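What follows is the residue order along each chain.
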There are 2 protein chains.
Amino acid sequence: MSIDHAIRRLRHVLDARVTTARPVLDDHGQNESYFAVTPPDAVAYPESTDEVADIVRICAEEGCPIVPWGVGTSLEGHALAFRGGLSLDMTRMNRILAVNADDLDVVVQPGITREGLNRELRATGLFFPIDPGADATLGGMAATRASGTTAVRYGTMRDNVLALEVVLGDGRVIRTGTRARKSSAGYDLTALFVGSEGTLGVITELTLRLHGQPEAISSAVCAFDDVDACVSTVIATIQMGVPMARIELADTAMIRGLNAWDGAMNLPLKPHLFIEFHGSHQGVAEQAETVGELVAEFGGGEFRWATRTEDRAALWRARHDAYFAAKAMRPGCRVLTTDICVPISRLAEAIAETAAEIDASPIEGPIVGHVGDGNFHTALLVDPNDPEELKIAKSLAQNMNRRALRLGGTITGEHGVGIGKARWMAEEHGDAWTIMSDLKRAIDPNNILNPGKVVEVN
Amino acid sequence: MSIDHAIRRLRHVLDARVTTARPVLDDHGQNESYFAVTPPDAVAYPESTDEVADIVRICAEEGCPIVPWGVGTSLEGHALAFRGGLSLDMTRMNRILAVNADDLDVVVQPGITREGLNRELRATGLFFPIDPGADATLGGMAATRASGTTAVRYGTMRDNVLALEVVLGDGRVIRTGTRARKSSAGYDLTALFVGSEGTLGVITELTLRLHGQPEAISSAVCAFDDVDACVSTVIATIQMGVPMARIELADTAMIRGLNAWDGAMNLPLKPHLFIEFHGSHQGVAEQAETVGELVAEFGGGEFRWATRTEDRAALWRARHDAYFAAKAMRPGCRVLTTDICVPISRLAEAIAETAAEIDASPIEGPIVGHVGDGNFHTALLVDPNDPEELKIAKSLAQNMNRRALRLGGTITGEHGVGIGKARWMAEEHGDAWTIMSDLKRAIDPNNILNPGKVVEVN
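Residues numbered from 1 in each chain as written. Chains lettered and ligands numbered in written order. Predicted model: local features only at pLDDT ≥ 70, side-chain atom pairs only at ≥ 80, totals over all residues. Heavy atoms only, no water.

## Description of the environment of Thr-309 of chain B
Now for step 1: Within the secondary structure layout, Thr-309 of chain B lies in helix H12 (residues 309–320).
Now for step 2: On the basis of relative accessible area, Thr-309 of chain B is assigned to the exposed category, the value being 54%. (Helix = DSSP H or I, 4+ residues; strand = E, 2+ residues; numbered from the N terminus. Buried < 20%, exposed > 50% of the residue type's maximum accessible area, 1.4 Å probe, protein only.)

## A look at the packing of aromatic side chains
Now for step 1: Here the structure, examined in full by the defined rule, presents 12 aromatic pairs over all chains.
Now for step 2: Ring geometry for Phe-127 of chain B and Tyr-154 of chain B: centres 5.6 Å apart, planes at 85°, overall edge-to-face. Of this pair, Phe-127 of chain B sits in strand S7 (residues 126–127) while Tyr-154 of chain B sits in helix H6 (residues 151–154); the two residues are 27 residues apart in sequence, bridging distant segments of the chain. A single burial state applies to Phe-127 of chain B and to Tyr-154 of chain B, both of which are buried.
Now for step 3: Through successive ring pairs, a cluster of aromatic residues spans Phe-277, Phe-303 and Trp-305 of chain A. (Phe/Tyr/Trp six-rings, centres within 6.5 Å; stacked < 30°, edge-to-face > 60°.)

## Points about helix H4 (residues 114–121) of chain B
Residue and element names in this part refer to chain B.
Now for step 1: Buried within H4 we find Arg-114, Gly-116, Leu-117 and Leu-121. An end-on view of H4 places all buried positions within 160° of arc, on one side of the element.
Now for step 2: Buried positions along H4 lie against strand S5 (96–100), strand S6 (105–108), S7, helix H5 (138–143), strand S10 (202–209) and H12. (Arc of directions from axis to C-beta. Contact = heavy atoms within 4.5 Å.)

## As for the sheet that holds strand S18 (residues 375–382) of chain A
Residue and element names in this part refer to chain A.
Now for step 1: What the seven strands build is an open sheet, ordered S15-S12-S14-S13-S17-S18-S16; its pairing is antiparallel. Strand pairing shows two members of the sheet lacking a second neighbour, strand S15 (304–306) and strand S16 (334–341), which therefore form its edges. With direction set aside, neighbouring strand axes in the sheet form an average angle of 20°.
Now for step 2: Examined bridge by bridge, strand S12 (residues 216–223) and S15 share three bridges and lie antiparallel to one another. Paired with Ala-220 across the two strands is Trp-305, which belongs to S15.
Now for step 3: With respect to the sheet, helix H12 (residues 309–320) is in contact with S12, strand S13 (246–250), strand S14 (272–279), S15 and strand S17 (367–370), its orientation differing from that of S12 by roughly 55°. (Pairing = 2+ DSSP bridges. Axes fitted to C-alpha atoms, helices over the stretch in contact; angles between N-to-C directions.)

## Points about the pattern of salt bridges
Now for step 1: In total, this model carries 62 salt bridges over all chains according to the counting rule given.
Now for step 2: Notably, a salt bridge pairs Glu-61 of chain B with Arg-9 of chain B, separated by 2.8 Å at the nearest N-O pair. Taken together, the residues Glu-61 of chain B in helix H3 (residues 49–62) and Arg-9 of chain B in helix H1 (residues 3–14) connect sequence positions 52 residues apart.
Now for step 3: According to the relative accessible area criterion, Arg-9 of chain B is partly exposed, its value standing at 27%.
Now for step 4: Of the charged contacts in the structure, one is a salt bridge between Arg-17 of chain B and Glu-51 of chain B, with a shortest N-O distance of 2.8 Å. Placement of Arg-17 of chain B in the loop between H1 and strand S1 (18–19) and of Glu-51 of chain B in helix H3 is noted, with a sequence separation of 34 residues between them. Like Glu-51 of chain B, Arg-17 of chain B is buried.
Now for step 5: Through salt bridges that share partners, Arg-114, Glu-115, Asp-131, Arg-246 and Glu-276 of chain A make up one connected network. (Salt bridge = Lys/Arg side-chain N within 4 Å of Asp/Glu carboxyl O.)

## Considerations on empty space enclosed by the protein
Residue and element names in this part refer to chain B.
Now for step 1: As enumerated under the stated definition, the model contains eight cavities of 30 Å³ or more in all.
Now for step 2: In this structure, the largest cavity occupies an estimated 100 Å³ of space.
Now for step 3: Lining the largest cavity are Tyr-34, Glu-76, Leu-336, Thr-337, Thr-338, Lys-394, Ala-397, Gln-398, Asn-401, Gly-420, Lys-421 and Arg-423.
Now for step 4: Among the secondary structure elements, those contributing two or more residues to the lining of the largest cavity are strand S16 (334–341) and helix H15 (387–406).
Now for step 5: Top contributing element to the lining of the largest cavity by residue count: H15, with four residues.
Now for step 6: For the lining of the largest cavity, the per-class residue count stands at three nonpolar, five polar and four charged.
Now for step 7: Each pocket or cavity is described by its volume, and for the second largest cavity that value is around 70 Å³. (1 Å grid on protein atoms, 1.4 Å probe; cavity = no way out; pocket = protein on both sides within 12 Å on 5 of 7 lines; lining within 4 Å. Points joined across faces, edges and corners; volume = space filled by probe spheres on them. Nonpolar A, V, L, I, M, F, W, Y, C, P; charged D, E, K, R; others polar.)

## Remarks on the environment of Glu-349 of chain B
All names here are of chain B.
Now for step 1: Within the element layout of this structure, Glu-349 appears in helix H14 (residues 347–359).
Now for step 2: Considered as a pair, Glu-349 and Leu-138 are 211 residues apart in the sequence and their alpha carbons are 34 Å apart.
Now for step 3: In this structure, Glu-349 is in contact with Arg-406 and Leu-407, ignoring residues within four places of it in sequence.

## Concerning the confidence of the model for chain A
Now for step 1: Considering every residue of chain A, the mean pLDDT works out to 95; 100% of them sit at 70 or more.
Now for step 2: At the level of chain-chain contacts, confidence expressed as ipTM amounts to 0.97, with global pTM at 0.97. (pLDDT = per-residue confidence, 0-100.)

## A word on helix H3 (residues 49–62) of chain A
Residue and element names in this part refer to chain A.
Now for step 1: Between the first and last C-alpha of H3 there are 20 Å, a value that for 14 residues agrees with the 20 Å anticipated at 1.5 Å per step.
Now for step 2: Of all 14 residues in H3, 10 are buried, a share of seventy percent or more.
Now for step 3: Those residues of H3 that sit buried are Thr-49, Glu-51, Val-52, Ala-53, Ile-55, Val-56, Ile-58, Cys-59, Ala-60 and Glu-62.
Now for step 4: Where H3 terminates, the next one or two residues include Gly-63, which has phi positive at roughly 65°. (Expected span 1.5 Å × (residues − 1).)

## Focus on the packing of helix H14 (residues 347–359) of chain A against helix H15 (residues 387–406) of chain A
All names here are of chain A.
Now for step 1: It is the contact of H14 with H15, at a shortest axis distance of 11 Å, that shows an interaxial angle of 160°. Taken as axis vectors, H14 and H15 run roughly antiparallel relative to one another. In this structure, H14 crosses over H15, and the sense of that crossing is right-handed. Between H14 and H15, the residues in contact are Glu-349, Ala-350, Glu-353, Thr-354, Glu-357 and Ile-358 and Leu-396, Asn-399, Met-400, Arg-403 and Arg-406, respectively. (Parallel < 35°, antiparallel > 145°, perpendicular 65-115°, else oblique. Left-handed = near helix turned anticlockwise from the far one by under 90°.)

Shown next as structure tokens:
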């Protein structure tokens, strides 16, 4: 019983689709944050649920950890096999199994990405709205309970996964949920697996809610004198019940970065809101009018509109490039990116304290936020060869977690726990964290699935 | 160690707030369906979370089952202590603890009812939208994952509970979730307790999402020649993305019952849709125009509008009285009410098959439905003194469950499992049902909390 033995047995099942080639291992040990490269012992590429079940059974017998892998865009080290074992690369299971246009749902394998799915859906008049920025796999997005720019309107993965097929730690295959829009038939296992970061099961199929492509879409950016005015505008907008599709903050540091990244942006060096309206032509016009009045009330500038599809795409590409734009602000740096989420009434306070602390430190850290949800991010730019800087950045991030809890919020709105936030779970959840561990023990008693993440069971 | 001993010990803690008086026991053994009166051994009235924790600890030590009780409006026998023990009446814990208007949330104790909450909220411009018909307690609604007429717009309890305080089966008190709008910090315990029917913990506090009272509300009824045309209109409406606040079906039998119940209704003897629009004045007008076109396309009649508040209230009171109107169609009858939920594309088929089977039986059974969700109900009217009739009604209900599963749906959209649907859980969930049992064992190892419901652990 060993990892090596597991890999030998897997070769019989998967042939060349299990590999220990160094570049592949290194690739599956990468991450988009500050964690050191942590290669697994092997990488497997299953092509069916049955193969996943076979792999899990073998690994369970051999005590070999299994860490599911999508495209590696998670930000807290979720997919790093830091206890060794097998990286289970799901990207070959990337088919759309059924588009049920009448029911506004789609059944997919976990390895398809959100952009890939939306390309295939284009002709149907439907789309899958969740947009975390990265072109992540749907399986990975479900596993981290991803959300992003559109959650303020369409919810998170929690709200948009109807049903799952999951391979458990002993190789059993279960189905959770149905294609019906709601159910009261027992415990909500779908919600339990969504956000479990691969620690309770391997997602092998997802049924997702779709939404109609809006008749009209309109986007704009708008500058404010300070972050407080941005946030006050957002709070008022949410309270008025305006069904914003997106309402995003970028602080002055981030705007400087975006201007440098994309010369065409050329925005004034002030905090901005990036906003988008979805609806009928009349509805969008009405929303824009309401929000325009609120912007004026809080001293914001004129809307700079992007109504043509290509202009809108450019605007949101810029917003999505925030991570890379931030990284480019300091050539050669690593980015320690972190997110917290607080009740919206405490958001201005949370951002102001965070910004002040970053300003007082030697580190740059632009701030962007899905402010309609009370969620914001910092991208702390550190010299990877300077341990002192990493220490300062980590301390800033820890203070953000502390602040989130003090203000009644959560240590992560959307990035998840992974390795980076593990030590804060007890702080946030108290005894409820021990219940999470009890659930893990009940469902994965051998601790085969992504061990060491989310809960402590040893 | 015994139930009797538990009751004696509880008297020391609760004094007169634990009782074995026959009328009180009988009252807590009632239900609104066909189940026989099943009195508990005692009824306790806690007034604080600490008292609930003390009660649970004593009951755990004595092996005394605990069945939480709200106002007894659940429909599948959830709150019946059919293994004896303590009915935990939560109605004295009925305070609003905090209204956070800026954050659109409210913190309440579990014993407050939804109408009680909305009365208190009226001056804030906010409301809690979930409306299962009965004026149920919020704790009970969370425990059964209730939904009702407005779920098509505002979601179910799953979507509107942000956080919980829960007393576990060993008396520990945990908190799940936060007041932030979203989180990726670990397993979604809130979703696990919502819909767990008191089998995993006793809910002692809830944080609920609120919504802004819409600027404009408009309601209407509209007749169609057949149920198929009703359902086709609903499907088209949902697919167009019209943000319906309510869209409800009543079949011809139900309309006959409603006319008899409330002489002022006087609706033509045809299937009807009851609809409601929420939004800005302009938005509501636009929605009404779109739906009006769809109604015409599917051969529906003119809208009969109810725009004045009192007319709207009368219309929805009539819809909510469907249960009692159905009961009045056959004096002295018991109602076997059951619900299933299917993908909306299969809804017309599901209703047509069900109606045909009821028509071919000797039993009357009007149909109503939250058709925007694919969810519908039958109220099967049986003579309580005729075992043959109850047998036929049960068989009709079992066939509905079978039909729901065949059409890709669920055995219950909103009523829950209780006693009535327990034997169908394995059919719907397969191995996933055994996982539910594993979770129950992990969280309530002594099987103290509402034993025998939702899962089998013996």
